[in-house]
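Chain residues, written in single-letter form:
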Amino acid sequence: AQSVTQLGSHVSVSEGALVLLRCNYSSSVPPYLFWYVQYPNQGLQLLLKYTSAATLVKGINGFEAEFKKSETSFHLTKPSAHMSDAAEYFCAVSRNSGGYQKVTFGIGTKLQVIP
Amino acid sequence: DAEITQSPRHKITETGRQVTLACHQTWNHNNMFWYRQDLGHGLRLIHYSYGVQDTNKGEVSDGYSVSRSNTEDLPLTLESAASSQTSVYFCASSEPGSEQFFGPGTRLTVL
């Protein structure tokens, strides 16, 4: 079984401040981990992914995430928030089983950026 | 450029009617998925397919069906629409073990 927990359904930061969105996962096998972003009235798009290579993963728009196996975490960070970062962010865990892929999404964290 | 499209983007229907939502991808991906997105629930998997003629139930499959007759399309059918099926529906596709590519969504309202 696998699951994803995103701590905080809403996060507010000031423009220019650090963004930290938390994600903890559980998985019985080494996972693949993803962060997606959803802007209003759009589908999800990939920010970054971890696939068992480097533990610090850099994504688009200045975001990065660090895989910490001991903490079963994959938190998303950005040093300085921009107004355009206001969106909903989803963490997802994926595992392959017999060639098939099972993906589980978190419930999402809505990021508000305050000018 | 490869893409994944959904139609219609918005649909209003009445309780009891059959509704079909279309999903078409040009990525040539074997894996295709249907999700619904509701406030407080995130994305929930309805049905998925790992290839032509393959379909599988997700966690919220009751009242929905899919068919996969070719690689590009995975239409989602609501057999008899209910108000509880008012939601935003997303289609996605992927290669095994890789990220999913999402369509723009269909907003369905069942009156």
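Residues numbered from 1 in each chain as written. Chains lettered and ligands numbered in written order. Predicted model: local features only at pLDDT ≥ 70, side-chain atom pairs only at ≥ 80, totals over all residues. Heavy atoms only, no water.

Caption draft 1: View of the side chain of Q37 of chain B. For Q37 of chain B, the position within the fold is in strand β4 (residues 31–38). Residue Q37 of chain B is classed as buried on the basis of its relative accessible area, which comes to 15%. Dropping the residues within four chain positions of it, Q37 of chain B is found in contact with Q38, E88 and F90 of chain A together with G42, L43, S87, V88 and F90 of chain B. (Helix = DSSP H or I, 4+ residues; strand = E, 2+ residues; numbered from the N terminus. Buried < 20%, exposed > 50% of the residue type's maximum accessible area, 1.4 Å probe, protein only. Contact = heavy atoms within 4.5 Å.)

Caption draft 2: A look at the interface of chain A and chain B. On the side of chain B, 22 residues touch chain A, which itself brings 21 residues to the contact. Interface area, chain A with chain B, both sides summed: about 1600 Å², of which 52% is carbon and sulfur. Seen at the junction of chain A and chain B, the total is one salt bridge. The partner of K49 of chain A in a salt bridge is E99 of chain B, with the nearest N and O atoms 2.6 Å apart. Across the chain A-chain B interface, the total number found is three residue pairs in polar contact (both at pLDDT 80 or more). Broken down by secondary-structure element, the contributors of at least two residues to the side of chain A that touches chain B are β4 (32–38), β5 (44–50), β9 (87–97) and β10 (100–105) of chain A. For the side of chain A that touches chain B, the element with the highest residue contribution is β10 of chain A, accounting for five residues. A class-by-class count of the residues in the side of chain A that touches chain B yields ten nonpolar, eight polar and three charged. (Buried area = accessible area lost by both parts, 1.4 Å probe. Salt bridge = Lys/Arg side-chain N within 4 Å of Asp/Glu carboxyl O. Polar contact = N/O pair within 3.5 Å; in protein donor to acceptor, adjacent residues only side chain to side chain. Nonpolar A, V, L, I, M, F, W, Y, C, P; charged D, E, K, R; others polar.)

Caption draft 3: Layout of the pairing of strand β8 (residues 73–78) of chain A. All names here are of chain A. Counting buried positions along β8 yields five of six residues, so the element is predominantly enclosed. Sheet topology places strand β3 (residues 19–27) next to β8; four bridges connect them, and they run antiparallel. Within the sheet, the bridge partner assigned to L21 lies in β8 and is L76. Here strand β7 (residues 64–68) folds back onto β8, and the loop between the two strands holds four residues, one of which, T72, carries a positive phi near 45°. (Pairing = 2+ DSSP bridges.)

Caption draft 4: Structural context of the environment of G108 of chain A. Residues and elements named next belong to chain A. Inspection of the secondary structure assignment puts G108 in the loop between β10 and β11 (109–114). According to the relative accessible area criterion, G108 is buried, its value standing at 2%. Separated by 72 residues in sequence, G108 and Y36 have C-alpha atoms that sit 9.3 Å apart. Excluding residues within four positions of it along the chain, G108 makes contact with Q6, G8, S9, E88, Y89 and F90.

Caption draft 5: Geometry of the state of the cysteines. Here the structure, examined in full by the defined rule, presents two disulfides over all chains. Between the sulfur of C23 of chain A and that of C91 of chain A lies a disulfide, 2.0 Å long from S to S. Between C23 of chain A and C91 of chain A the disulfide shows an S-S torsion of about -65°. By sign, it is left-handed. Of the two residues, C23 of chain A sits in strand β3 while C91 of chain A sits in strand β9, which places them 68 residues apart along the sequence. Accessibility expressed as a relative area gives 0% for C91 of chain A, which makes it buried. Each sulfur of the disulfide joining C23 of chain B and C91 of chain B lies 1.8 Å from the other. (Disulfide = S-S within 2.5 Å.)

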